Amino acid sequence: MEYRKEFPNPQFERESWLNLNGVWRFAFDFGKSGMDRGMYLSDGNTRKCYDKRIHVPFCPESKLSGIEYKDFISAVWYQRDVALTDVQLAGRTFIHFGAVDYEAHVFVNEVEVGRHIGGYSSFAFDITEYVRKGENTVTVYAVDEGRSGKQPRGKQAGVYYPSGCDYTRTTGIWQTVWLEFVPENYIKDVKFYPDIKNRCFHIDCKVTGRGMLSIKAFYKGRVCGNTQAFVSGDDNKLRLDLDGLYLWECGNGRLYDIVFEYSSNRECDRVKSYAGMRQVEIDRYRFLLNGKSIFLRAVLDQGYYRDGIYTAPADEDLLKDIKLAQALGFNGARLHQKIFEPRFLYYCDREGYLVWGEHGNWGLDLSDAQAFLNFMPEWLEAVGRDFNHPSIIGWCPFNETWDYDGKKQNGRILENIYKLTKAIDPTRPCIDTSGNFHVVTDIYDLHNYRQEVESFSSCYQDFPDNTQAMEEHPQRQHYKKGLPLFISEYGGIKWDTAQDNKDAWGYGEAPKTEGEFMARYRGLTECLLNHPYIMGFCYTQLYDVEQETNGLYDYDRNPKFQAEEIYRINSAKAAIEGD
């Protein structure tokens, strides 16, 4: 069996790496006593405590993990052996984790080499001083208290049975684990700032040590730009001029391949990357891509899989979901209540698929200022990791910040996360909290699950002159005149293909026939497409997830309706589109 063997981050790829997915020793730690019991040791007696085997990167709740334990899990342990050579250990060695839910402690050869808090963002540790030629033991301890109110858990159910729009939980490792081998002096990070007017990329680059950095751009294999400069430390700004301008557009993900070579102390660090030449702007009520008004025809994508839960069973499943959406006339997605893995974003980049980056904030007590300290570092890690993806056209750190145990959100948390997001990425719009309750935002988005077309349409018929009818939370948020309007959740029409699922859930009363479904879908969607001041929509949702049966595909991605009819509705020209 293959365990997600592809390189996990195509935007920052080196040749020298080692995939650690596969079979690991595994143990539950319901009493969180493993540290006291020395579970990080690698002797024979300790290994007997690892009484199970798990298939990484699949979480223990999933079928593909080989465990499939569905109850709450407070802590888990992983352990495996890794053989390394002198060649691999010639420079520096890093261990990378795509994501571990929630608090991860990493040990190498019985020494704790690092701790990371946050179940959705990627992280790495320099383990050069702890590895040796021959056998090495890697141990991971993960603590996950999803009901504490102290951590974001997204759509993971806070009660035993998944219900409504909450689903099966995820604990521990759920993305790829790998080792990376780099020279003593190496490239730490790069950021691309596309400049259409001047036909260039402005590049910020961080390195260790000092040396000569060479950058080459290719388009379809042809060299179309190069530059070099002497660099050192974390503040290196370069300009990469291009002799051909190929715009990244909706449905046409034209990408430049970028190769970095950093020579220092007779060593060379080579990194392969890519970038897209595109610009996003807000012009009052319009959303502009490369200076042209476009209508966002988005669909809600929650990134769930029947057998892998948070983790796609295979790399091709990531691309498949994008293709399924495009077949229905959608040009993008809200990546909902989850930070998606870089390979999914790579396929979005390649296909010209517009997406919103979002965190899985549900479960976090936003009335407590401590929530800011728990949320902020992980969110900044995510924004930093995904900054270079041209497909990400905006950020949305929070979704529906409902009261927690009757306590209202602390608005300063939302305000400061918004400000931090804009400070580290001024190139994209930011929605502070999708749907409710807005504090400060670049785009005013609303959620509306009214199922009767006339009632739904009446909410927006007087916009922007009168906004009273469209606001369902006037006591908590108020539209600021001149902001673009995005209906970022609507529809959610229940359609249970099984017809025998007593737990099937969706919004409102289900249509009785497929014709009734299509009439409702058409009416709701055309109301938004035909409005001259609405910039986009996001339909709930692309596919069913467990008991929630309002997808346009079922959970196994089988079509529930004729794609051609939905495509015709979605792809009709919108009133706001044009130059």
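One can find the structure itself at the top, above this paragraph.
Residues numbered from 1 in each chain as written. Predicted model: local features only at pLDDT ≥ 70, side-chain atom pairs only at ≥ 80, totals over all residues. Heavy atoms only, no water.

**Q** Can you help me understand the overall build of the protein chain in this one?
**A** For the protein chain, the count of helices and strands is eight helices and 31 strands. A compact globule built from 579 residues should have a C-alpha radius of gyration of about 25 Å, and the protein chain, at 24 Å, falls within 12% of that. When the backbone C-alpha atoms are referred to their principal axes, the protein chain occupies close to 70 × 60 × 45 Å. For the protein chain, with 579 residues in total, the buried portion stands at 61%. For the protein chain, long-range pairs separated by at least 24 residues make up 72% of all intrachain contacts whose partners lie at least 6 apart in sequence. (Helix = DSSP H or I, 4+ residues; strand = E, 2+ residues; numbered from the N terminus. Rg over C-alpha atoms; globule rule 2.2 N^0.38 Å. Buried < 20%, exposed > 50% of the residue type's maximum accessible area, 1.4 Å probe, protein only. Contact = heavy atoms within 4.5 Å.)

**Q** What exactly am I supposed to notice about the layout of surface pockets here?
**A** Summary: where empty space remains is shown by rolling a probe the size of a single water molecule over the atoms. Looking at the largest pocket, its volume works out to about 1000 Å³. Forming the walls of the largest pocket are 43 residues, and the residues nearest its centre are Asn9, His96, Lys188, Asp189 and Arg385. Elements supplying a minimum of two residues to the lining of the largest pocket: β5 (92-97), β9 (123-126), β12 (177-182), β13 (187-195), α3 (342-351) and α4 (370-386). Considering each element in turn, the lining of the largest pocket owes the most residues, five residues, to β13. Put simply, the second largest pocket is a space of about 350 Å³. If you trace the second largest pocket, you find 15 residues lining it, with Arg153, Trp362, Gly363, Asp403 and Tyr404 closest to the centre. (1 Å grid on protein atoms, 1.4 Å probe; cavity = no way out; pocket = protein on both sides within 12 Å on 5 of 7 lines; lining within 4 Å. Points joined across faces, edges and corners; volume = space filled by probe spheres on them.)

**Q** Looking at this structure, I do not really get α3. What am I missing?
**A** Helical periodicity: at 3.6 residues per turn, an α-helix aligns residues three or four positions apart in one direction. Buried residues dominate α3, accounting for nine of its ten residues. Three or more residues of α3 are buried, namely Pro342, Arg343, Phe344, Leu345, Tyr346, Tyr347, Cys348, Asp349 and Glu351. A positive backbone phi angle near 65° is found at glycine 352, which sits one or two residues after α3.

**Q** Help me understand the pattern of salt bridges, please; the structure alone is not making it clear to me.
**A** Opposite charge on two side chains permits them to pair, given that their charged atoms come into close proximity. Scanning the model with the defined rule gives 43 salt bridges in all. One salt bridge in this structure joins arginine 286 and aspartate 283, with 2.7 Å as the shortest N-O distance. Given a relative accessible area of 34%, aspartate 283 falls into the partly exposed group. Members of the salt-bridge network, linked through shared partners, are Arg92, Asp126, Glu129 and Glu184. (Salt bridge = Lys/Arg side-chain N within 4 Å of Asp/Glu carboxyl O.)

**Q** Explanation requested: the pairing of strand β2 (residues 22-28) in the structure shown.
**A** Along any regular strand, the residues point their side chains to alternate faces of the sheet. For β2, the tally of buried residues reaches six of seven residues, placing the bulk of the element in the interior. Alignment of β2 against strand β3 (residues 52-56), held across five bridges, turns out to be antiparallel. Paired with arginine 25 across the bridge in β3 is arginine 53. Of the strand pairs in this sheet, β2 and strand β4 (residues 75-84) are connected by four bridges, and their pairing is antiparallel. Across the sheet, phenylalanine 26 pairs through a bridge with tyrosine 78, a residue of β4. (Pairing = 2+ DSSP bridges.)

**Q** Honestly, empty space enclosed by the protein in this entry has me stumped. Any pointers?
**A** Under the counting rule described, the total for this entry stands at three cavities of 30 Å³ or more. A volume near 80 Å³ is recorded for the largest cavity. In this structure, the largest cavity is lined by Leu335, Lys338, Ile339, Phe340, Leu345, Gly357, Glu358, Trp379, Ala382, Asp386, Ile392 and Trp395. At three residues, α4 tops the list of elements feeding residues into the lining of the largest cavity. Looking at side-chain class alone, the lining of the largest cavity contains eight nonpolar, one polar and three charged residues. Of the residues that constitute the lining of the second largest cavity, the class distribution is seven nonpolar, one polar and two charged. (Nonpolar A, V, L, I, M, F, W, Y, C, P; charged D, E, K, R; others polar.)

**Q** Explain the packing of helix α2 (residues 315-327) against α3 to me, please; I cannot follow it from the model alone.
**A** The axes of two packed helices give the description: the angle between them and the distance between them. At their nearest, the axes of α2 and α3 sit 9 Å apart, and the two run at 40° to each other. Taken together, the axes of α2 and α3 lie oblique to each other. Between α2 and α3 lies a crossing of right-handed hand. Of the residues in α3, those in contact with Asp315, Leu318, Leu319, Ile322, Lys323 and Gln326 of α2 are Arg343, Phe344, Tyr347, Cys348, Arg350 and Glu351. Partitioned by chemical class, the residues of the contact of α2 with α3 number six nonpolar, one polar and five charged. (Axes fitted to C-alpha atoms, helices over the stretch in contact; angles between N-to-C directions. Parallel < 35°, antiparallel > 145°, perpendicular 65-115°, else oblique. Left-handed = near helix turned anticlockwise from the far one by under 90°.)

**Q** Quick question: what am I supposed to make of the side chain of threonine 525 here?
**A** Structurally, threonine 525 is set in helix α7 (residues 514-529). Excluding its chain neighbours within four sequence positions, the residues that come into contact with threonine 525 are Tyr490, Phe537, Ile569 and Asn570.

**Q** Please clarify how helix α5 (residues 411-424) should be interpreted in this entry.
**A** Compared with an ideal rise of 1.5 Å per residue, which puts 14 residues at 20 Å, α5 spans 20 Å between its outermost C-alpha atoms and is within 8% of the ideal. Taken together, the buried positions of α5 are Ile413, Leu414, Ile417, Tyr418 and Thr421. Around the axis of α5, the buried residues are gathered within 130° of arc, so they sit on the same side. Seen from the open side of α5, the exposed residues pointing more than 90 degrees away from its buried face are Arg412 and Ala423. If you follow the buried residues of α5, they end up packed against α4, β26 (392-396), β27 (398-399) and β28 (433-434). Residue asparagine 410 occupies the N-cap position of α5, its side-chain oxygen lying 3.0 Å from the main-chain nitrogen of arginine 412. (Expected span 1.5 Å × (residues − 1). Arc of directions from axis to C-beta. Polar contact = N/O pair within 3.5 Å; in protein donor to acceptor, adjacent residues only side chain to side chain.)

**Q** I'm lost on the side chain of glutamate 358 in this one. Help?
**A** On the secondary structure map, glutamate 358 appears in strand β25 (residues 354-358). For glutamate 358, the side chain forms a polar contact with the main-chain nitrogen of glutamine 337, separated by 2.8 Å. Setting aside chain neighbours within four positions, we find glutamate 358 in contact with Arg334, Leu335, His336, Gln337, Lys338, Ile339, Trp379, Cys396 and Asn399.

**Q** Mind showing me how you'd approach the sheet that holds β5 here?
**A** Backbone-to-backbone hydrogen bonds pair the strands of a sheet. The strands run either parallel or antiparallel. Taken in spatial order, the four strands line up as β1-β12-β5-β9 in an open sheet, and their pairing is antiparallel. Every other strand in the sheet has two partners, leaving β1 (17-19) and β9 as the edge strands with one partner each. Each strand axis lies, on average, 20° off the axis of its neighbour in the sheet, ignoring direction.

**Q** Looking at this structure, I do not really get unusual backbone geometry. What am I missing?
**A** With the exception of glycine, the majority of residues adopt a negative phi angle, and the majority of peptide bonds are in the trans configuration. Along the chain, valine 56 connects to proline 57 via a cis peptide bond; the corresponding omega equals 20°. Along the chain, proline 57 turns up in the loop between β3 and β4. The backbone of glutamine 337 shows a phi angle near 55°, a positive value even though the residue is not glycine. Looking at the secondary structure, you find glutamine 337 in the loop between β24 (332-335) and α3.

**Q** Honestly, the environment of tyrosine 219 in this entry has me stumped. Any pointers?
**A** Mapping tyrosine 219 onto the fold places it in strand β15 (residues 210-219). Judged by its relative accessible area of 9%, tyrosine 219 falls in the buried class. For tyrosine 219, the residues in contact, after removing those within four places along its chain, are Cys224, Tyr246, Arg254, Leu255 and Tyr256.

**Q** What am I meant to see in the pairing of strand β30 (residues 485-491) here?
**A** With seven of seven residues buried, β30 lies mostly within the body of the structure. Where strand β29 (residues 444-448) meets β30, five bridges bridge the pair, whose relative direction is parallel. The residue of β30 that forms the bridge with histidine 447 is glutamate 489. As a crossover connection, the stretch from β29 through helix α6 (residues 453-458) into β30 is right-handed. The pairing of β30 with strand β31 (residues 534-540) spans five bridges and is classified as parallel. Each bridged residue has a counterpart across the sheet, and for tyrosine 490 the counterpart in β31 is tyrosine 539. Following the chain from β30 across α7 to the adjacent parallel β31, one finds a crossover that is right-handed. (Right-handed = clockwise from strand over helix to strand, strands pointing away.)

Nothing here speaks to function; it is geometry throughout.
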